[in-house]
There are 2 protein chains.
Amino acid sequence: MTTTSTKYVYFFGNGKAEGQGTWKDLLGGTGAGLAEMTNAGVPVPPGFTITTEACNKFYENGKKVPEGLDAEMGENLARVEAAVGLKFGDPEKPLLVSVRSGAKFSMPGMMDTVLNLGLNDRSVAGLARMTGNERFAWDAYRRFIQMFGNVVLGIEKSGFEEKLSALKAKRGAKLDTDLSADDLKELVKTYKGLVREKTGREFPAEPTVQLGMSRDAVFNSWHNPRAVTYRRLNDIPANLGTAVNVQAMVFGNLGETSATGVGFTRNPSTGEKEFYGEYLTNAQGEDVVAGIRTPRPIAALGQEMPLVFKQLSEITTRLERHYRDVQDFEFTVQESRLYMLQTRSGKRTARAAMKIATDMVAEGLITKEEAILRVEPNQLDQLLHPILDPRANVKVIATGLPASPGAASGRIVFTPEEAVIRGATEKIILVRNETCPDDIHGMDAAQGILTARGGMTSHAAVVARGMGKCCVVGCEEIQINEEARVFRVNGHEVKEGESITLDGSTGRVILGEVPTIEAPLADEFEVFMRWVDEARRLKVRANADIPRDARVARRFGAEGIGLCRTEHMFFAEDRLPIVQQMILAVDQPSRVAALNKLLPVQREDFIGLFREMSGYPVTIRLLDPPLHEFLPKREELMTEIAVLKATGGDSREILSKEALLNRVESLHEFNPMLGHRGCRLGIVYPEITRMQVTAIVEAACHLGKEGVRVVPEIMIPLVGHVNELRNQKNLVDETAREVMKRAGVTVEYLVGTMIELPRAAVTADQIAEEAEFFSFGTNDLTQTTFGFSRDDAGKFIRHYIDHGILEKDPFQVLDRGGVGQLVAMGVEKGRKTRPKLKIGICGEHGGEPSSVEFCHGVGLDYVSCSPYRVPIARVAAAQASIREKGKTAGSDQR
Amino acid sequence: MTTTSTKYVYFFGNGKAEGQGTWKDLLGGTGAGLAEMTNAGVPVPPGFTITTEACNKFYENGKKVPEGLDAEMGENLARVEAAVGLKFGDPEKPLLVSVRSGAKFSMPGMMDTVLNLGLNDRSVAGLARMTGNERFAWDAYRRFIQMFGNVVLGIEKSGFEEKLSALKAKRGAKLDTDLSADDLKELVKTYKGLVREKTGREFPAEPTVQLGMSRDAVFNSWHNPRAVTYRRLNDIPANLGTAVNVQAMVFGNLGETSATGVGFTRNPSTGEKEFYGEYLTNAQGEDVVAGIRTPRPIAALGQEMPLVFKQLSEITTRLERHYRDVQDFEFTVQESRLYMLQTRSGKRTARAAMKIATDMVAEGLITKEEAILRVEPNQLDQLLHPILDPRANVKVIATGLPASPGAASGRIVFTPEEAVIRGATEKIILVRNETCPDDIHGMDAAQGILTARGGMTSHAAVVARGMGKCCVVGCEEIQINEEARVFRVNGHEVKEGESITLDGSTGRVILGEVPTIEAPLADEFEVFMRWVDEARRLKVRANADIPRDARVARRFGAEGIGLCRTEHMFFAEDRLPIVQQMILAVDQPSRVAALNKLLPVQREDFIGLFREMSGYPVTIRLLDPPLHEFLPKREELMTEIAVLKATGGDSREILSKEALLNRVESLHEFNPMLGHRGCRLGIVYPEITRMQVTAIVEAACHLGKEGVRVVPEIMIPLVGHVNELRNQKNLVDETAREVMKRAGVTVEYLVGTMIELPRAAVTADQIAEEAEFFSFGTNDLTQTTFGFSRDDAGKFIRHYIDHGILEKDPFQVLDRGGVGQLVAMGVEKGRKTRPKLKIGICGEHGGEPSSVEFCHGVGLDYVSCSPYRVPIARVAAAQASIREKGKTAGSDQR
């Protein structure tokens, strides 16, 4: 950006613009597009763009526009007047303008457009004379009051519509067009009365006042709830601000030689190369969207206005070539003359994105690298999960957060136990206020999960995404009565056993079953992913705990397992009682006895996993969660005991529950996240480490004998001090030696650690003396670096993002400024001690594109993510590689 | 240390030693002292020291001594033989040796000495011939078997004592000395039989075997439970290892011209300059300690052996001059010839330390700087808290951890409510399983606190130290039955209302009331502290929440308040209901209404505090804990509701409790330490910040009008991102402006932040753009850097220290390797942005000497600690300054 900070307004018109197409930061997407089109000789009505900087100043100054802005606007308005030969507010030849918001990224949640601005009781007469169409002029006037009243003054649309309907009824008119000029004059009067009544003031007659108010309304709309929500859902920073575009009006409603329409240069849904769009004759832009009249397909314009159609085709084809991307455009035909009002890169489905990218490479329009940069990695999610049949009729009863994509139908249950029982024979949806690690088996048994609380990083969300399972969270409207086995929402009551459908891509909760379809992977997908794999340096692994997950991961191209969480094996229904026995053991021998019962099942787990990943590395994390997670809940026991006592219950039962409660109490922790977990378990109870390592190495030996190559990477969790790792590594080596000696086989294995505590990052040089690999656990690292509990922070993180304190949820997008510094430090210090140290990441961030880019940048060897995100990570890794090489510039898009 | 790593044995004798007095790391304290005395020409029996390195190798090699050690020992034994003209194991002129452990720091918990080693059935005859005293020889032999049997072979002392008693009974002997040589021969036989019976082996006859076994026993003793406990209590790292001293025996029991004794060059209890000690004629060292015969005061030696006494006085005076410190020495007189067996700096009480240090300066023996280095800062604690009258007879019923020094007696209560009621009229001791923030008012009302659980950094411990209140924690022996209002311990039952006494300096729990005395501050204290203040650069502030604490802090020399925790003001009994009303408010207006009720009381709090600290800075931290800490406990409500339901309770009561539970549930957090607290409260509920700032600034304005100078430093807690601070700083400034405008007065204030999250440390450059001061909250910073919850980590931290994984509890002593790196980074980055940034520390570490030294080193401006630790911090700060200047070297001591 080479502009000075005091210029707030950029003119475009007469074939030349002060701005450029690349200045989206300053001019917003629309403003930059208008400038670019003007410079490219495309017919664009003249106008000017007020910069995003002006918007930011507006907020900094306590909602006052910066000094000099009004004067600049005045000068540029004069240039527009000169360009079109009209005058703003003139009683003879009045200039009318449109006022539109335009942020860097298209935001449908923001302010609507105000059209026909500049009309008042005097200029409307001029417009009538100028167009020779009094009815048109008064219709424009009443439309203006209506839009301005709604958008700028905040009066509900329905207020105006009622007045219009009343007048139509009085006149016996069916359509708006049945009203005469005089009717519309009367309507204008009525509208003004409505404005007076609602706002206590006269409708502003002075055009510059109208313009100033509209501009401020656009600025204010940047923080309206819709915009805030949209930004949050789309990861758009709150500090960008919006630009304002003021442009001379052209009219598509001046009769049958006028028209207005929208279109795409290719089909945005399928990606097919076809001219795609719709238009209406004798209409203003809003009419196309409003759906009052059904627009006609754009091809029809070829018959109706062949010259205009030809010109439009040529211009849009030229624009696509110019931008080398699909264009989404708006146009107006005023008395057979074509004007382009907007052009921008067209949003498209994942399927279309893939098709368009590969087609454009074939057409020689873009390179493979550019094609890779054109696909938004996150979109691939759509391709990989089954989707609701779009033709189905659905009854949406609530909407939550789209936590894990895909679609699922099933009968609802309210407890994990019920889920396991019912889930064995039918499809079920688990409905909970929130989930916890205890619920895993129930979640596993369910087709989908619906929670009333929690955000995009809540337990349910994370686990479901890990399972590739459809999940809707934070659906706060539903009220669950677990006891009565029913939930209520918006007047509906849904009982256990009734069916619902979840749409994990939109957050919709739908009554009954809706058919789903496996979104088929097109040939383009294979071609595209081959290019991707050629382009990337980072390896991509998957987080997978069981053979089934590993299989999915391999299918999606995972090059190993980056994280196998062994605790998930402990929660399985047949094992939990043994695990509890182990925890409740009063001494080491009885603990060892229980562990010995777990050994064979753990070994089978690993054999299954290793077999699936034959030849690829498998990173196994030793037991991580605090032991109390495997025991009954403290408050439940307390309640049971109190009730038993109050009701004279069996004293032996009371005693035995009290004994259990005592043990639970002794394990109780105020902050389990910072408690007795991770390697702290294996250090205090070395027999647990010994059992797990025995199972791993025995499994490897077993397969080694079969000739299956296995490379286990044994990962010690939550290390903060090199001595912790040293202690556990010695134990691992000692155990492995014993097992291999017994088995008479030697297998290769590595011992490494998670870097998930700030202390591990800052002492990574020491830790690397013992560690053969590092895996950044950025979930925990984010928790401790920020001091945010992932389970609790949802509420205030949302507030933070809404209020611009944080740009993004650091649990979703790796916080480069803080956590990233620690990661970079860990990599640098670790490699200083051990230059060939293998380093990866296994937090949720491993499947998030911007975080993957960061991982590429700091020199990690691989990222690991949930199986369904593997293709996303592959694309993101390729994009990072390409961007770094700087082979292409500026064609990045969101 | 300039020795090579392969030399494990250092000889001393013949007026020359291979080692030096400063090599305590390598030779241990005793070994270094023997070397130094030998080199100084003091008569020391020759011998050699096996290094601590050999001990560490022993552990590294799985309890095998390093190669070459046996050979080295053999060579050095030969040098000893040559020096004394005797031969190890010789039947004619046998050399006998003593074997003693000797770590860097004196550790009474370790292995006892083995004397007379080298005796067997053959050499005993030689000893008899050589000394012309058969009885002596056989007495030495039986003593050797007894000591070796107990210390090396692990046979209980009582086993030998029974045999001895039986023989005495048989012979009708009263004293050991009544037994004849033949009796002792028989006893040796009996002892050998006992060894055979207990160990299944013959007593080892070969002297080199005896020596090897004793050496290994010393090495093993490094990890015996007593040593481990001693190290933990005295903060001695587990990885130092112990040396072994082997020395030619001299005998104080060769008749009336022989003697043995111990002494100090000055009185270690009062510090008076007097020759102090005791001795026994015709005795071995152990007899002095064993207390079988009452030793005589050392002055008596002047009459009994005037020449020896003169020589001893001269030598010890010389040693005191040489070491320039009080010496604690051991000596033996063998047939009128004096031998020095040990000398070391004498341990002393705080009172003595102060007196000795100031006296020695007056004597010109040491400089003021050296005097300051001579006082162990932590010892000052003894001077500042009332102590139990040492003359009282006490009945100790249990011992816990000495969490907060001083002494307190009172009637016991089991709930904070009862504490408040009873505490109004009598002295009480609060007895709890553990305490929580809810209990503050009860703790405040109590004279002392006793808990059954928790460590030295538990809530009770920290708060009690902050209050300067006597506290014993983790007294696991006591079993509290809160319902029955009684605790049981070791057969005692203590009911509510009965009196106990706590000794916070030793952890003793005593039945009944024991009189206490205010330990009077000697004149030396004032003199000494004046020197201290001249020497230090760091300022010392206090953590104080209420005027009373502030007064104590000023008395102890605090130069401001570094941390005023405003939440403590919220827990006061009269305010808690209003606070709860504020939290339960359904909307902002009702929240503001509740806050308005808190405003005047909060203002009065600050007026009191400011008045007390007139002219000094006062740092006020805005509300920090999560709001649910102020509400009833979730599990208690759940239990109450369940019981009410089960027993058909009043439905309206159930409903109202359920409503409350709902709110409590909605605030419930899994990890409150990482939850909605700190500045996150003030950001989501700006009205809380506004109320607190209004109270602070109104108080400052009020006093400003009176002419009292007040400099409030408003501190925003738990900032992780500069935007959080910016948000709150704007709110503070805006509120302050309004208040000052209303009051018509301008007051100076600063806005700064805690640096207590890793993210704050790594982004300190950005945070310093807004912060006018930093205060490192190293409690929380340690929690997040390590991922340790202070409330939960006690158990495994203890295991870690016992097993050498951590040297010290990082909540007690600042972890320089990890947390310290972040502190240093925070200082450097903060000052890069704002060179004059004022930086302090307000965690528990601010009063811990080694941490204070660290704070000095990284350039902080001040430390802040609990009022009673202010003098400690002042001394530690002075020591840090002096050490840095390098004015003195090597005279540091623990």
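That block above? That's the structure.
With respect to the overall build of chain A
Counting its secondary structure elements, chain A contains 35 helices and 34 strands. Computed over its C-alpha atoms, the radius of gyration of chain A comes to 32 Å, within 12% of the 29 Å expected for a compact globule of 894 residues. On the principal axes, the C-alpha backbone points of chain A span a range of 100 × 70 × 50 Å. Looking at chain A as a whole, 59% of its 894 residues qualify as buried. Sequence separation of at least 24 residues holds for 68% of the intrachain contacts in chain A that already meet a minimum separation of 6. Element-wise, carbon and sulfur atoms account for 49% of the exposed surface of chain A, whose accessible area totals about 34900 Å². Here chain A holds 111 positive side-chain charges and 119 negative ones, and the gap between their average locations is 3 Å.

Points about the nonpolar core
Core analysis: the biggest nonpolar cluster contains 285 residues, and A:Phe528, A:Phe610, B:Phe528 and B:Phe610 have the highest contact counts within it. Among all residues touching B:Phe610, those that are not within four sequence positions of it are B:Val618, B:Ile620, B:Ile696, B:Ala699, B:Ala700, B:Leu703, B:Val710 and B:Pro712.

Here we look at the interface of chain A and chain B
Interface extent is often summarised as the accessible area lost during association of the parts. At the interface, 55 residues of chain A touch 54 residues of chain B. The contact between chain A and chain B buries some 4800 Å² in all, and 59% of this surface belongs to carbon and sulfur atoms. Put simply, chain A and chain B have 4 salt bridges between them. With its nearest N and O atoms 2.8 Å apart, the salt bridge here joins A:Asp815 to B:Arg759. With 7 residues, the single largest contributor to the side of chain A that touches chain B is helix α24 (residues 634-646) of chain A. When its residues are assigned to classes, the side of chain A that touches chain B shows 22 nonpolar, 21 polar and 12 charged.

What about helix α13 (residues 350-362) of chain B?
Residue and element names in this part refer to chain B. Here α13 spans 18 Å end to end across 13 residues, near enough to the 18 Å set by a 1.5 Å rise per residue. Burial runs high along α13: 11 of the 13 residues are buried. Among all positions of α13, only Ala350, Ala352, Ala353, Met354, Lys355, Ile356, Ala357, Thr358, Asp359, Met360 and Val361 are buried. Note on α13: the residue one or two positions beyond its end, glycine 364, has a positive phi of about 75°.

What counts and what doesn't
Residues numbered from 1 in each chain as written. Chains lettered and ligands numbered in written order. Predicted model: local features only at pLDDT ≥ 70, side-chain atom pairs only at ≥ 80, totals over all residues. Heavy atoms only, no water. Helix = DSSP H or I, 4+ residues; strand = E, 2+ residues; numbered from the N terminus. Rg over C-alpha atoms; globule rule 2.2 N^0.38 Å. Buried < 20%, exposed > 50% of the residue type's maximum accessible area, 1.4 Å probe, protein only. Contact = heavy atoms within 4.5 Å. Areas by Shrake-Rupley, 256 points an atom, 1.4 Å probe, with all protein chains shown as cover. Lys, Arg positive; Asp, Glu negative; His and termini not counted. Charge placed at Lys NZ, Arg CZ, Asp CG, Glu CD. Core = buried A, V, L, I, M, F, W, Y, C linked by side-chain atoms within 4.5 Å. Buried area = accessible area lost by both parts, 1.4 Å probe. Salt bridge = Lys/Arg side-chain N within 4 Å of Asp/Glu carboxyl O. Nonpolar A, V, L, I, M, F, W, Y, C, P; charged D, E, K, R; others polar. Expected span 1.5 Å × (residues − 1).

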